Amino acid sequence: MLLRGVLLVWQALQLAGALDLPAGSCAFEENTCGFDSVFAFLPWILNEEGHYIYVDTSFAKQGEKAVLLSSDLQADEWSCLRLVYQITTSSEPLSDPSRLNLYVRFEDESFDRLLWSTKEASDSWLIASLDLQNSTKKFKILIEGVLGQGNTASIALFEIKMTTGYCIECDFEENHLCGFVNRWNPNVNWFVGGGNIRSSPSILPQDHTFKSELGHYMYVDSVYVKHFQEVAQLISPVTTAPMSGCLSFYYQLHQGNDNAFSVYTRDAFGLYEEIWKRSSLGNAAWKLAEVEFSAPYPMEVIFEVAFNGPKGGYVALDDISFSPVHCQNQTELPFSAVEASCNFEEDLCNFYQDKEGPGWSRVKVKPNIYRAGDHTTGLGSYLLANTKFTSQPGYTGRLYGPTLPGNLQYCLRFYYAIYGFSKMSDTLAVYIFEENHVVQEKIWSVLESPRGVWMQAEITFKKPMPTKVVFMGLCKSFWDCGLVALDDVTIQLGNCWYPERLPPPPGECTFEQDECAFTQERRNRSSWHRRRGETPTSYTGPKGDHTTGVGYYMYIEASNMVYGQKARLLSGPLRGVTGKHCLTFFYHMYGAGTGLLSVYLEKEHYSDESLLWRRKGEQSISWLRALIEYRCERQHQIIFEAIRGVSIRSDIAIDDVKFQAGPCAEMEDTTQQSSGYSEDLNEIEY
């Protein structure tokens, strides 16, 4: 089903040393190089003539999958994983196309992490480049092909290659050009130069890598320019892991006074930023360029040449490399998300207040019907601005965050809750304070939100100068003042919303989109239900979810059940591993008739279930955090079981379930979290 022309092109481009590939690599010439098809799924078929493996609808049905698993790998140094692939399908638009997914399976995790996914069909092979950060953990690569609609659907893998280094590095000696692509222009384009290629009228140089005619490089020639300011762009693979350091490359210009050579970064929203521009005239020699490069979130590097006319000469490019060490020994400190964030459990972290006004107080309250606990755990600390005691209307003091470096994009997230105001607008506002120019700019303020519910706010901002985030609680008059609560402030690099964001790992579920991999033994009115907002029955259940305050959670509706009736929510299968697992989730058990919430472990091929955790009776009006440590070396499932209590005021809810490898960072104080029956079963081995 694969186009034979594609195969012939790929054969022609195969290097002589393709069979001598590093660990985690395969060209599929004679075998699969230690990659094995997982028995429980369709097999990947090795083409009889070599060169690729495939799965297609000639022997499989829509929705069936083939899974390829590598042997144990280790990346002690930063590595780049490249996948050469092709998805083919029928020409008509499909509602359910084929998919190709790539996961990493760490030895100590019970689930696989999705690194990359695509549905893009093509008439030729495509290249995916994925950065793998250095780690001492062993891991495996898992490649999953899922067949979609169509009688001619197929998925093929031509090559997998894992090499030491960064994916944005390239010497252009390999046929795939490290995943760099030319943005096609009718008149000017980047081409491969060197070797036996002599397609340009211009006299081109030898490459820089080998300093001979055997090597290769990229070049763009002005000879075919027909319009003023014709532009050619060479685009790198998208970075897939945060990196910061020195980007270097060699370039050569001929008649450089009639062209402009620049380097840009471009993020997922298409925002360009120039990071380098040629400042001197060119000559017929390779010159080294170094530029500070920071990619805290996914972005491309674009090498752009603009010609003013057909006599602009050529520009050649070779040996792009990256080092985590800053250029010319610069000592600029990288941005630290940890230092810019705070949950206020211990102190104010790196936040501080001005000296005027009553300001913000760090408080810890026992949750009751009138006030919820903190957002972090339900029993911890948060900040509270009590505007009832202001010395002057409209001002309660400012809370300043740490200084943030300029010219970077930030995502600010925090949780707030409002109490007592009749008019909520502008009771809490966020400002940006530019220190050098003493300028404040309001970037966010409260409009309307449910009272007494922890709400999440997300703000993306970018300023050229160093800035500070300032939180300010406001009271417009003495007659309308109340309480403003603040918790879990995080500042990260990048945009709060990225297009085509990967789904959360299988080990996490916020129930915002669906029920993730959770299933139920039965579905009826007495099952677990996904809901947002308040539950129908008064004086029981949450007012909003834990994730954002306006999102979804899972709960049982007690008015649809009878006393003692059960509802069970089952996780997807979790792989058994050595060492500890940590399960965290948030639960809500409020109501005079609240029943029982239990967490069980069920091992594969075992009929008995093991109790890991349990709470009985009303616990709090707040969402409370549960942490459970356990060991299990067999495949297993986790079961959340809720039992209806003595009255309809017995709604039970859960949210933000997360499985992690290793022990829990901090174990809950079970004696504080239970007003009823409690079993301290937080660390159990099976």
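So, how was this worked out
Along every chain, residues carry numbers that run from 1 in the direction the sequence is written. The predicted origin of the model limits local features to residues at a pLDDT of at least 70 and limits the giving and counting of side-chain atom pairs to 80 or more, whereas totals for whole chains, interfaces and linings rest on all residues. Based on all heavy atoms of the structure, the side-chain values leave hydrogens and waters out of the count. Secondary structure follows DSSP: runs of H or I at least 4 residues long count as helices, runs of E at least 2 residues long count as strands, and numbering of each begins at the N terminus. Residues count as neighbours in contact if any of their non-hydrogen atoms are within 4.5 Å of one another. Here the accessible surface of atoms and residues is derived via Shrake-Rupley with a 1.4 Å probe, and residues count as covered only by protein chains that are part of the display. Exposure is judged per residue with a 1.4 Å probe applied to protein chains only, and the accessible area is read against the type maximum: over 50% gives exposed, under 20% gives buried, and values in between give partly exposed. Two strands are counted as paired when DSSP detects at least two bridges linking them. Working definition: rings of Phe, Tyr and Trp (its six-membered ring) pair if their centres are within 6.5 Å, and the pair is stacked with planes under 30 degrees apart, edge-to-face with planes over 60 apart, and tilted otherwise. Geometrically, a charge over a ring is one whose NZ (Lys) or CZ (Arg) sits within 6 Å of the ring centre while staying within 35 degrees of the ring normal. Two cysteine sulfurs form a disulfide in these notes if their separation is within 2.5 Å. Whenever Lys or Arg places a side-chain nitrogen within 4 Å of a carboxyl oxygen from Asp or Glu, that contact is recorded as a salt bridge. In protein, a polar contact requires one atom able to donate a hydrogen and another able to accept it; more generally it is a pair of N or O atoms within 3.5 Å, and residues adjacent in sequence count only if both atoms are side-chain atoms. Grouping buried Ala, Val, Leu, Ile, Met, Phe, Trp, Tyr and Cys residues that are joined through side-chain atoms within 4.5 Å yields what is termed a nonpolar core.

## Structural notes on the overall build of the protein
Here is step 1 of the chain: Each helix and strand counted, the protein has two helices and 43 strands in total.
Here is step 2 of the chain: Within the protein, contacts between residues separated by at least 24 positions form 79% of all contacts whose residues are at least 6 apart in sequence.
Here is step 3 of the chain: Put simply, the protein shows about 31200 Å² of open surface, and 50% of that area lies on carbon and sulfur atoms.

## Section: the pairing of strand β38 (residues 596–603)
Here is step 1 of the chain: Burial analysis of β38 places seven of its eight residues in the buried class, which makes it a mostly covered element.
Here is step 2 of the chain: Relative to strand β39 (residues 609–616), β38 is paired through seven bridges, and the arrangement is antiparallel. Residue pairing for β39: Glu602 is matched across the bridge by Glu609.
Here is step 3 of the chain: The antiparallel hairpin formed by β38 and β39 contains five residues in its connecting segment, where His605 sits at a positive phi of about 70°.
Here is step 4 of the chain: Strand direction decides the pairing type here: β38 and strand β41 (residues 636–643), joined by eight bridges, are antiparallel. Its bridge partner being in β41, Leu601 is matched across the sheet by Ile638.

## Re the packing of aromatic side chains
Here is step 1 of the chain: Counted under the stated rule, the structure contains 36 aromatic pairs.
Here is step 2 of the chain: With centroids separated by 5.6 Å and ring planes inclined at 70°, the aromatic side chains of Phe172 and Phe180 adopt a geometry described as edge-to-face.
Here is step 3 of the chain: On the basis of relative accessible area, Phe172 is assigned to the buried category, the value being 1%.
Here is step 4 of the chain: Considering the side-chain rings of Phe249 and Phe261, the 6.2 Å spacing of their centres and the 70° angle between planes classify their relative orientation as edge-to-face. Pair noted here: Phe249 is in strand β16 (residues 243–254) and Phe261 is in strand β17 (residues 259–267), with a separation of 12 residues, a long-range link. Note on accessibility: Phe249 and Phe261 belong to one class, buried.
Here is step 5 of the chain: Three or more aromatic residues link up through ring pairs in this structure, and these residues are Phe511, Phe518, Phe585, Tyr587, Trp613 and Phe640.
Here is step 6 of the chain: Above the ring of Tyr552, the side-chain terminus of Arg530 is found at 3.8 Å from the ring centroid.

## A look at the state of the cysteines
What we call a disulfide is simply a covalent bond connecting the sulfur atoms of a pair of cysteines.
Here is step 1 of the chain: Per the counting criterion, the structure on display carries eight disulfides.
Here is step 2 of the chain: Here Cys80 is linked by a disulfide to Cys167, with a sulfur-sulfur distance of 2.1 Å. On the sign convention where negative means left-handed, the S-S torsion of about 105° between Cys80 and Cys167 marks this disulfide as right-handed. Of this pair, Cys80 sits in strand β6 (residues 79–88) while Cys167 is found in the loop between β11 (154–164) and β12 (181–183), placing the two residues 87 residues apart along the sequence.
Here is step 3 of the chain: Classification of Cys80 by relative accessible area gives buried; the value is 1%.

## Structural notes on unusual backbone geometry
Here is step 1 of the chain: The backbone of Lys211 sits at a positive phi, close to 55°, despite the residue not being glycine.
Here is step 2 of the chain: As for its placement among the helices and strands, Lys211 is situated in the loop between β13 (190–194) and β14 (216–221).

## Some words on the pattern of salt bridges
Any two side chains of opposite charge can pair if their charged atoms end up close together.
Here is step 1 of the chain: Throughout the structure, instances matching the rule amount to 17 salt bridges.
Here is step 2 of the chain: Here Glu109 makes a salt bridge to Arg113, at a shortest N to O gap of 3.0 Å.
Here is step 3 of the chain: Residue classification places Arg113 among the partly exposed positions, given a relative accessible area of 28%.
Here is step 4 of the chain: With its nearest N and O atoms 2.5 Å apart, the salt bridge here joins Arg413 to Glu458. Of the two residues, Arg413 is situated in strand β26 (residues 408–419) and Glu458 in strand β29 (residues 455–463); the sequence distance between them amounts to 45 residues.
Here is step 5 of the chain: By relative accessible area, which is 17% here, Arg413 ends up buried.
Here is step 6 of the chain: One salt-bridge network, in which partners are shared between bridges, spans Glu521, Lys566, Arg568, Glu609 and Glu641.

## Section: the side chain of Thr376
Here is step 1 of the chain: Note that Thr376 resides in the loop between β23 (361–363) and β24 (382–386).
Here is step 2 of the chain: Of the polar contacts made by the side chain of Thr376, one reaches the side chain of Asp487; its length is 3.3 Å.
Here is step 3 of the chain: Among residues more than four places away in sequence, those in contact with Thr376 are Asn343, Glu345, Asp487, Asp488, Phe586 and Arg625.

## Structural notes on the sheet that holds β41
Here is step 1 of the chain: Pairing in this open sheet of five strands is antiparallel, and the strands run β33-β36-β41-β38-β39 from one edge to the other. With one partner strand each, in any of the chains shown, β33 (519–520) and β39 form the two edges of the open sheet.
Here is step 2 of the chain: Bridging between β33 and strand β36 (residues 566–570) involves two bridges; their strand directions are antiparallel. Considered in β36, the bridge of Gln520 is made with Leu569.

## Comments concerning the nonpolar core
Here is step 1 of the chain: Trp190, Phe249, Phe261, Phe293 and Phe303 are the most contacted members of the largest nonpolar core, which totals 38 residues.
Here is step 2 of the chain: Once you skip the residues sitting within four places of it in the chain, Trp190 turns out to touch Asn182, Met218, Tyr219, Val220, Ala232, Gln233, Leu234, Phe261, Phe303, Val305, Val315 and Leu317.

## Comments concerning the sheet that holds strand β2 (residues 45–46)
Here is step 1 of the chain: Read across the open sheet, the five strands follow the order β2-β3-β11-β6-β9; overall the sheet is antiparallel. Pairing within the sheet leaves two strands with one partner each, and these edge strands are β2 and β9 (126–132).
Here is step 2 of the chain: Pairing of strand β3 (residues 53–56) with β11 involves four bridges; the strand directions are antiparallel. Looking at β11, one finds that Asp56 is bridged to Ser154.

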